[in-house]
Every structure is written in structure tokens, then in C-alpha cells.
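Next come the chains, spelled out residue by residue.
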Amino acid sequence: MLLDERTWRYLHLNETGAVLWKHLVEGSSEAGLRQALVAAYEIDESVAQADVDAFLADLRARDLLVTDTE
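What counts, and at which threshold
- Residues numbered from 1 in each chain as written.
- Predicted model: local features only at pLDDT ≥ 70, side-chain atom pairs only at ≥ 80, totals over all residues.
- Heavy atoms only, no water.
- Helix = DSSP H or I, 4+ residues; strand = E, 2+ residues; numbered from the N terminus.
- Buried < 20%, exposed > 50% of the residue type's maximum accessible area, 1.4 Å probe, protein only.
- Arc of directions from axis to C-beta.
- Contact = heavy atoms within 4.5 Å.
- Polar contact = N/O pair within 3.5 Å; in protein donor to acceptor, adjacent residues only side chain to side chain.
- Expected span 1.5 Å × (residues − 1).
- Core = buried A, V, L, I, M, F, W, Y, C linked by side-chain atoms within 4.5 Å.

Caption draft 1: Spotlight on unusual backbone geometry. The backbone of glutamate 42 shows a phi angle near 50°, a positive value even though the residue is not glycine. Assignment of secondary structure puts glutamate 42 in the loop between α2 (30-41) and α3 (45-61). Although it is not a glycine, aspartate 63 adopts a positive phi angle of roughly 60°. Position of aspartate 63 among the secondary structure elements: in the segment after α3. Its relative accessible area of 52% is what places aspartate 63 among the exposed residues.

And the structure:
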């Protein structure tokens, strides 16, 4: 569960999202996020990459992700 302090809305993460969030706040790169899913769920890298892409896109759409280039 995450709290967006700007809107005071709670966001519920599924199990995969929770794994990704943990690694994201620890500073993992996109490749690191992908590898975390591969290790946690023993899935193909292409499936993991699609999950990472969807997760990051959702965070960006909610304006909850700031990259180094911003």
C-alpha cells in the first residue's frame, strides 16, 4: 500500500508491484527490476520486462516517478 501525499490517495500494489517497488526505492535500475522479477518468480526475461514496463508506465501516468533526466 502506498500513499500519494499530494492527493492523499492510497494505491494498492499487487505482489509483483510490491517486489518492484521495494527494488525501485532501493535504487535498482530497470534491468535490476527485471532481474528481481526473474529471481522471485522464475519467469522469462521478456515477461518480466513487460511487467516492469507496465509498472513504470503506471507510475509515470500517476506522476509518481521522477527519473534522473527530469
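Caption draft 2: Spotlight on helix α1 (residues 15-25). The set of residues buried in α1 consists of Gly17, Val19, Leu20 and Leu24. Buried residues in α1, looked at end-on, bunch into an arc of 160°, giving them a common side. Among the exposed residues of α1, those oriented more than 90 degrees off its buried face are Glu15 and Val25. Structurally, α1 contributes buried residues whose contacts are with α2 and α3. Backbone nitrogen of threonine 16 and a side-chain oxygen of the N-cap are separated by 3.2 Å at the start of α1; the cap is asparagine 14. Residue glycine 27 follows α1 closely and has a positive phi angle near 95°.

Caption draft 3: Examining α2 more closely. The terminal C-alpha atoms of α2, which comprises 12 residues, lie 17 Å apart, in line with the 16 Å expected from a rise of 1.5 Å per residue. Regarding α2, the residues found buried are Leu33, Arg34, Ala36, Leu37 and Val38. Looking at the buried side of α2, the elements it contacts are α1 and α3.

Caption draft 4: Representation of the nonpolar core within the structure. Counting 16 residues, the largest nonpolar core has Leu20, Leu24, Leu33, Leu37, Val52, Phe55 and Leu56 as its most contacted members. At the level of elements, α1, α2 and α3 are the ones that each hand at least two residues to this core. Among the elements that make up this core, the one with the highest residue count is α3 (5 residues). Residue contacts for leucine 56: discarding those within four places in its chain leaves Leu24, Glu30, Leu33 and Leu65.

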